[in-house]
Amino acid sequence: MLKGAVGLVTGGASGLGKATVERLVAQGARVVLCDLANSKGLEVAKCLGDEDKVLFAPVNITKEDDVQNALKLAKEKYGKLNYVVNCAGIGVAFKTYNFKKKLPHHLEDFSKVVQVNTIGTFNVIRLAVGLIGENQPNSNGERGVVINTASIAAFDGQMGQAAYAASKGALVSMTLPLARDLAVEGIRVVTIAPGLFKTPLLNELPPKVISYLESCVPFPSRLGNPAEFAQMVQAVIENPMLNGETIRLDGALRMT
């Protein structure tokens, strides 16, 4: 299902998004790699092959024009769009109220996280499915797949994660209604909720902290590899019965 297909991946310059781009290209798909203009997206794209395989599109997912330009690029260069994988996102760590400093959570920080993680993701979806809907359905009646990236924080949010958990919880909540909205056009929607993965952010932590986090994961007791997230993306694409569901990818981790 991937050979000759066309995917669009947001947050594709690093972490889970980069691993997803790498896997899709390795399986024979062509990819529009979307990330911020100041990211390493162009460098990553060039490393993965020529423009017949992967293209970089500078995209702020909250900006309609940016997303439309990326979709136009996919249409003009590759002729279609089959799959969208939303990996772009941000986070902030701050408690609802700091009683020592008598300082409430900055509302602009909360708003920014929701604006990017929730509204930005929906912005990509609402625009991309129009192009996916132009495809001829396959033998299952399917035209394409949308895959979103939530987090186990949607279920097990930690202290200081009110904004992040809210933004990811919204992705979980919208998965089923999105799938129902798009079912008539043969477009599936699935969300992946990863646990602790080896992302650039976690890699910056001290070794002792990483060891502790690994010990919290029942099995396998380690951080997930971005390639394992990408493997799940491929599995979702290839299994036509996966739809309207959120899949936890976390080694049985339940944050206390």
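Look a little higher up for the structure.
Please read all numbers here as calculations on a predicted model, not as lab measurements.

(A) Structural context of helix α1 (residues 15-26). Counted at 1.5 Å a residue, the expected span for α1 with its twelve residues is 16 Å, and the 17 Å between its end C-alpha atoms agrees. Residues Gly15, Leu16, Gly17, Ala19, Thr20, Val21, Leu24 and Val25 constitute the buried set of α1. Just downstream of α1 lies Gly28, where phi reads positive at about 100 degrees.

(B) Helix α9 (residues 226-238), seen in detail. For α9, with 13 residues, the first-to-last C-alpha span of 19 Å sits near the 18 Å given by 1.5 Å per residue. All buried positions along α9 are accounted for by Pro226, Phe229, Ala230, Met232, Val233, Gln234, Val236 and Ile237. Taken together, the buried residues of α9 touch α1, β4 (83-86), β7 (144-149), β8 (187-194) and β9 (245-249).

(C) Layout of the nonpolar core. Formed by 35 residues in total, the largest nonpolar core has its most connected members in Leu8, Val32, Leu71 and Leu81. Of all the elements in the fold, those that place two or more residues in this core are β1 (6-10), β2 (30-35), β3 (54-58), α3 (64-78), α4 (107-132), α6 (162-182) and β8. Counting residues per element, this core draws most heavily on α4, which supplies eight residues. Dropping the residues within four chain positions of it, Leu8 is found in contact with Val32, Cys34, Ala70, Leu71, Leu81, Tyr83, Val84, Val85 and Val124. In this structure, Val9, Ile147, Val236 and Leu249 belong to the second largest nonpolar core, which totals 29 residues.

(D) Structural detail: the pattern of salt bridges. A complete count under the given rule lists eleven salt bridges for this structure. Here Arg248 and Asp156 are joined by a salt bridge, their closest N and O atoms 2.9 Å apart. One end of the pair, Arg248, is in strand β9; the other, Asp156, is in helix α5 (residues 153-156), and 92 residues separate them in sequence. Judged by relative accessible area, Arg248 falls into the partly exposed class, the value being 24%. With a shortest N-O distance of 2.6 Å, Glu228 and Arg222 are connected by a salt bridge.

(E) Structural view of the state of the cysteines. Tallying each qualifying case throughout the model produces zero disulfides. Not part of a disulfide, Cys34 finds its nearest cysteine sulfur in Cys87, a span of 11 Å. Of the residues examined, Cys34 reaches a relative accessible area of 2% and is grouped as buried. Cysteine Cys47 is unpaired, with the sulfur of Cys34 as its nearest cysteine sulfur at 18 Å.

What counts, and at which threshold
Residues numbered from 1 in each chain as written. Predicted model: local features only at pLDDT ≥ 70, side-chain atom pairs only at ≥ 80, totals over all residues. Heavy atoms only, no water. Helix = DSSP H or I, 4+ residues; strand = E, 2+ residues; numbered from the N terminus. Expected span 1.5 Å × (residues − 1). Buried < 20%, exposed > 50% of the residue type's maximum accessible area, 1.4 Å probe, protein only. Contact = heavy atoms within 4.5 Å. Core = buried A, V, L, I, M, F, W, Y, C linked by side-chain atoms within 4.5 Å. Salt bridge = Lys/Arg side-chain N within 4 Å of Asp/Glu carboxyl O. Disulfide = S-S within 2.5 Å.

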